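Residues per chain, in single letters:
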Amino acid sequence: MDLKTNFEQVEENIRKACEKAGRDRSEVTLISVSKTKPVEMLKTVYDLGPRDFGENKVQEMCEKIEVLPKDIRWHMIGHLQTNKVKYIVGKTELIHSVDSIHLAKEIEKQAAKQNVTVNVLIEVNIAEEESKFGIHKEETLSLIREAAALPHIRIKGLMTIAPFVENPEDNRTYFKQIRQLSVDIKAQNIDNVSMDILSMGMTGDYMVAIEEGATMVRVGTGIFGERNYNKQ
Ligand SMILES: *Cc1c(COP(=O)(O)O)cnc(C)c1O
């Protein structure tokens, strides 16, 4: 498998989707989702240009941060346990997966200790799938109001993981819904809250997500190939 070919294909698709939507390529950040993949592969992709990488496990992310170039912007995209927050505060560009006030308060506590501010997204379970983390749509505004009062946190937008579907068009309705939710929240003009970032779209559906307003797409398989969870 050729990482360069994969990466260039993803870049080309992003460019096409932007063009179709009348958006500028610079409006969309590609996050290369490198979970389970060895650092040699990340380095190869890094050398092709991207600087935003996404991981879903705290320990794995910390190990990779240690050995990879310092100008990488690390995105925590996975479910975050409160007892692990302390290991990543100060090391991440953005935490995409805040879905409870309990977690937000722990981030606040660790950020205050280190005297840093932490950029976060609120993860919304837009399709209300039982198997997924994320807050329900109806509860999002109240969580944001509460978390906005925490001085070391900046809420930058929303994140969602759309359902796994064969046809990406099936997720368009969810991308539209979350986009509308972010517009509605922005209209509330809450201090400490901007709705500049919409993190949505994965390998199966990032082109549709871009058409519907994604500002960050999280692509793993499309760049790095299938993940093998059995391998040690
Ligand atoms: C693994 C993962 C991705 C990437 O998924 P692919 O389908 O491989 O592109 C994106 N977002 C989150 C939250 C993930 O856990």
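Residues numbered from 1 in each chain as written. Predicted model: local features only at pLDDT ≥ 70, side-chain atom pairs only at ≥ 80, totals over all residues. Heavy atoms only, no water.

Student: Help me get a handle on the overall build of the chain, residues and values and all.
Tutor: The helix and strand tally for the chain stands at 9 helices and 8 strands. On C-alpha atoms alone, the chain measures out to a radius of gyration of 17 Å, which is about the 17 Å that the 2.2 N^0.38 rule sets for 232 residues. Seen through its principal axes, the chain has C-alpha atoms that stretch 45 × 40 × 35 Å. Buried positions account for 50% of the 232 residues belonging to the chain. Partitioning the intrachain contacts of the chain with sequence separation of at least 6 by distance along the chain shows that 59% fall at a separation of at least 24. (Helix = DSSP H or I, 4+ residues; strand = E, 2+ residues; numbered from the N terminus. Rg over C-alpha atoms; globule rule 2.2 N^0.38 Å. Buried < 20%, exposed > 50% of the residue type's maximum accessible area, 1.4 Å probe, protein only. Contact = heavy atoms within 4.5 Å.)

Student: Report on the packing of helix α5 (residues 101-114) against helix α6 (residues 137-147), specifying residues and quantitative values.
Tutor: Taken N-terminus to C-terminus, the directions of α5 and α6 make an angle of 20°; their axes are 10 Å apart at the nearest point. Judged on the interaxial angle alone, α6 and α5 are roughly parallel. By crossing handedness, the relation of α5 to α6 is classed as right-handed. Contacts between α5 and α6 involve Ile101, Ala104 and Lys105 on the former and, on the latter, Leu143, Glu146 and Ala147. Within the contact of α5 with α6, the residues separate by chemical class into 4 nonpolar, no polar and 2 charged. (Axes fitted to C-alpha atoms, helices over the stretch in contact; angles between N-to-C directions. Parallel < 35°, antiparallel > 145°, perpendicular 65-115°, else oblique. Left-handed = near helix turned anticlockwise from the far one by under 90°. Nonpolar A, V, L, I, M, F, W, Y, C, P; charged D, E, K, R; others polar.)

Student: Explain the site of the ligand to me, and be specific about the residues and the numbers.
Tutor: Around the ligand lies a shell formed by Val33, Lys35, Ile77, Ile161, Met202, Thr203, Arg218, Val219, Gly220, Thr221 and Arg227. In the model, a nitrogen atom of the ligand is placed 2.8 Å from a nitrogen or oxygen of the Arg218 side chain. Against a free-state accessible area of 390 Å², the protein chains account for coverage of 90% of the ligand. Taken atom by atom, the bulk of the ligand overlaps the largest pocket. Residue composition of the shell around the ligand, by class: 5 nonpolar, 3 polar and 3 charged. (Near = heavy atom within 4 Å. Polar contact = N/O pair within 3.5 Å; in protein donor to acceptor, adjacent residues only side chain to side chain. Areas by Shrake-Rupley, 256 points an atom, 1.4 Å probe, with all protein chains shown as cover. 1 Å grid on protein atoms, 1.4 Å probe; cavity = no way out; pocket = protein on both sides within 12 Å on 5 of 7 lines; lining within 4 Å. Sits in = over half its atoms within 2 Å of the grid points.)

Student: Any details on the environment of Ala162? Residues and values, ideally.
Tutor: Counting through the fold element by element, Ala162 comes out in the loop between β6 (153-159) and α7 (172-186). Judged by its relative accessible area of 9%, Ala162 is buried. Sequence separation between Ala162 and Ala127 is 35 residues, and the spatial gap between their C-alpha atoms is 6.9 Å. Filtering out sequence-adjacent residues up to four positions away, Ala162 remains in contact with Glu129, Lys132, Asn171, Phe175 and Asp205.

Student: So what's going on with the packing of α6 against α7? Which residues, and what values?
Tutor: Two elements in contact, α6 and α7, have axes separated by 11 Å at closest approach and are oriented at 30°. By the criterion of interaxial angle, the relationship of α6 to α7 is roughly parallel. Every pair of crossing elements has a handedness; the one defined by α6 and α7 is right-handed. Taking contact as the criterion, the partners of Lys137, Thr140, Leu141 and Ile144 in α6 are, on α7, Gln177, Leu181 and Ile185. Broken down by class, the residue content of the contact of α6 with α7 amounts to 4 nonpolar, 2 polar and 1 charged.

Student: Describe helix α1 (residues 3-21), naming the residues involved and giving the relevant values.
Tutor: With 19 residues, α1 extends 27 Å between its outermost C-alpha atoms, agreeing within 8% with the 27 Å of an ideal straight helix rising 1.5 Å per residue. Taken as a whole, α1 has its buried residues at Leu3, Asn6, Phe7, Val10, Asn13, Ile14, Ala17 and Cys18. The buried residues of α1 all sit within an arc of 135° when viewed along its axis, so they share a single face. Seen from the open side of α1, the exposed residues pointing more than 90 degrees away from its buried face are Glu19 and Lys20. Lining the buried residues of α1 we find β1 (29-33), α2 (39-47), α8 (206-211), β8 (216-219) and α9 (221-224). (Expected span 1.5 Å × (residues − 1). Arc of directions from axis to C-beta.)

Student: Any chance you could break down the packing of aromatic side chains for me, citing the residues and the numbers?
Tutor: A full pass over the atoms with the stated rule returns 1 aromatic pair. Taking the centre distance of 6.1 Å and the plane angle of 45° together, the rings of Phe53 and Trp74 count as tilted. With Phe53 in strand β2 (residues 52-55) and Trp74 in strand β3 (residues 73-76), the pair connects residues that are 21 residues apart, well separated along the chain. Its relative accessible area of 3% is what places Trp74 among the buried residues. When the ring centre of Tyr46 is taken as reference, the NZ or CZ atom of Arg51 above it lies at 3.5 Å. (Phe/Tyr/Trp six-rings, centres within 6.5 Å; stacked < 30°, edge-to-face > 60°. Lys NZ or Arg CZ within 6 Å of the ring centre and 35° of its normal.)

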